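What follows is the residue order along each chain.
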Amino acid sequence: MIREIKGKIKVSSCIIVLISSAVLAFGLYNIHSLSGVTEGGVLGLTLLLEHWLDISPAVSGIILNLICYGIGWKLLGKKFIVYSFMAAAGFSISYRICESFDPLFPQLADMPLFAALLGAVFVGVSAGLCVRVGGAPGGDDALAMSISEMTHLDIQWVYLLSDLIVLILSLSYIPIQRIVYSLLTVTLSGQIIGLIQKRKD
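Quick notes on the pattern of salt bridges
Side-chain pairing between opposite charges can occur once the charged atoms of the two side chains come close.
Moving on, step 1. Considering all chains together, one arrives at one salt bridge under this definition.
Moving on, step 2. Between R96 and E99 there is a salt bridge; the shortest N-O distance is 3.1 Å.
Moving on, step 3. Look at R96 and you get partly exposed, because its relative accessible area is 43%.
Moving on, step 4. Its relative accessible area of 25% is what places E99 among the partly exposed residues.

Quick notes on helix α1 (residues 11-35)
Moving on, step 1. Here α1 is 25 residues long and its end C-alpha atoms lie 35 Å apart, about the 36 Å a rise of 1.5 Å per residue gives.
Moving on, step 2. The largest bend in α1 amounts to roughly 35 degrees and is located at L28.

Some points on the packing of aromatic side chains
Moving on, step 1. Enumeration according to the criterion identifies five aromatic pairs in this entry.
Moving on, step 2. Note on F26 and F122: the rings are 5.7 Å apart at their centroids and 35 degrees apart in plane angle, and the pair reads as tilted. A residue pair is termed long-range when its members are at least 10 positions apart, and F26 in helix α1 and F122 in helix α5 (residues 112-133) qualify at 96 residues.
Moving on, step 3. An aromatic cluster is built from F26, F105 and F122, whose rings are joined through pairwise contacts.

Considering the packing of α1 against helix α2 (residues 41-53)
Moving on, step 1. At their nearest, the axes of α1 and α2 sit 12 Å apart, and the two run at 50 degrees to each other. It follows that α1 is oblique to α2 by the angle criterion. Like other packed secondary-structure pairs, α1 and α2 cross with a definite hand, here right-handed. Contacts from L24, L28, H32 and S33 of α1 reach α2 at L43, T46, L47 and E50.
Moving on, step 2. Of the residues contributing to the contact of α1 with α2, the split by class is four nonpolar, three polar and one charged.

Focus: unusual backbone geometry
Among all residues save glycine, negative phi is the norm, and among peptide bonds the norm is trans.
Moving on, step 1. The phi angle at D54 is positive, at roughly 60 degrees, despite the residue not being glycine.
Moving on, step 2. Inspection of the secondary structure puts D54 in the loop between α2 and α3 (57-72).

Some remarks on the nonpolar core
Moving on, step 1. Counting eleven residues, the largest nonpolar core consists of L24, A25, L28, Y29, L43, L47, A58, F91, Y95, C98 and V123.
Moving on, step 2. Broken down by element, the residue count for this core peaks at four residues, all from α1.

Brief notes about a nonpolar patch on the surface
Moving on, step 1. A grouping of W157, L160, L164, I168, L171, I176, V180 and L183 is seen on the molecular surface, where their side chains present a nonpolar patch of about 760 Å² in accessible area.
Moving on, step 2. Within the residue set of the nonpolar patch, elements represented by two or more residues are α7 (155-170) and α8 (176-198).
Moving on, step 3. Residue position: L160 is located in helix α7.
Moving on, step 4. Judged by its relative accessible area of 36%, L160 falls in the partly exposed class.

Parameters at a glance
Residues numbered from 1 in each chain as written. Predicted model: local features only at pLDDT ≥ 70, side-chain atom pairs only at ≥ 80, totals over all residues. Heavy atoms only, no water. Salt bridge = Lys/Arg side-chain N within 4 Å of Asp/Glu carboxyl O. Buried < 20%, exposed > 50% of the residue type's maximum accessible area, 1.4 Å probe, protein only. Helix = DSSP H or I, 4+ residues; strand = E, 2+ residues; numbered from the N terminus. Expected span 1.5 Å × (residues − 1). Bend = angle between axes of the 7 residues up to and from the residue. Phe/Tyr/Trp six-rings, centres within 6.5 Å; stacked < 30°, edge-to-face > 60°. Axes fitted to C-alpha atoms, helices over the stretch in contact; angles between N-to-C directions. Parallel < 35°, antiparallel > 145°, perpendicular 65-115°, else oblique. Left-handed = near helix turned anticlockwise from the far one by under 90°. Contact = heavy atoms within 4.5 Å. Nonpolar A, V, L, I, M, F, W, Y, C, P; charged D, E, K, R; others polar. Core = buried A, V, L, I, M, F, W, Y, C linked by side-chain atoms within 4.5 Å. Patch = residues over 30% accessible without salt bridge, like charges linked within 9 Å, V, L, I, M, F, W, Y side chains within 5 Å. Areas by Shrake-Rupley, 256 points an atom, 1.4 Å probe, with all protein chains shown as cover.

Structure follows, in structure tokens:
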């Protein structure tokens with residue numbers, strides 16, 4: 001799929017990438033980081049690092065994404081790289097802005113099921129829109145493509161495996177009940193991303 005991304009960089013697509021990355025940052029800060037419902041992949045890893053090492057996702061997000069893009073750069077086209085770097089930078093800046101304010105929905109800390117569903121919508125829609133125009137809000141796509149290429153595993157299994165690894169690590173600070181909700185949000189957000197990506201204009 002990523003190999004097929006070609007064409008010129010479009011201003012409209014750049015706007016979509018920046019808006020979607022801002023929506024993603026908003027959802028991650030106001031829902032996932034507050035409720036204890038985490039994400040898999042790079043997003044979940046940023047929350048893990050925030051909890052254990054007090055490293056802001058605004059910082060860890062851009063570093064982890066750059067590492068993932070570096071690993072998979074040979075598999076990615078110029079258009080994908082431009083949009084993905086733009087999304088990564090947009091996410092970090094937007095998350096830093098969100099951190100300047102108190103969370104808007106503190107009550108979500110006591111509503112894990114609703115947080116899981118709402119968080120999945122934020123992640124699924126924002127990431128789906130970004131992927132649809134040819135980029136990725138996180139380095140998961142680049143890393144998954146690289147692992148899939150090296151191991152010959154279908155990419156959907158690579159995504160699932162990376163999510164499960166992060167969720168298992170997240171058990172170190174998130175109760176297992178919350179991890180169940182996290183598994184729900186990971187599964188649902190992945191389906192939403194797929195639906196938006198495949199949707200015809």
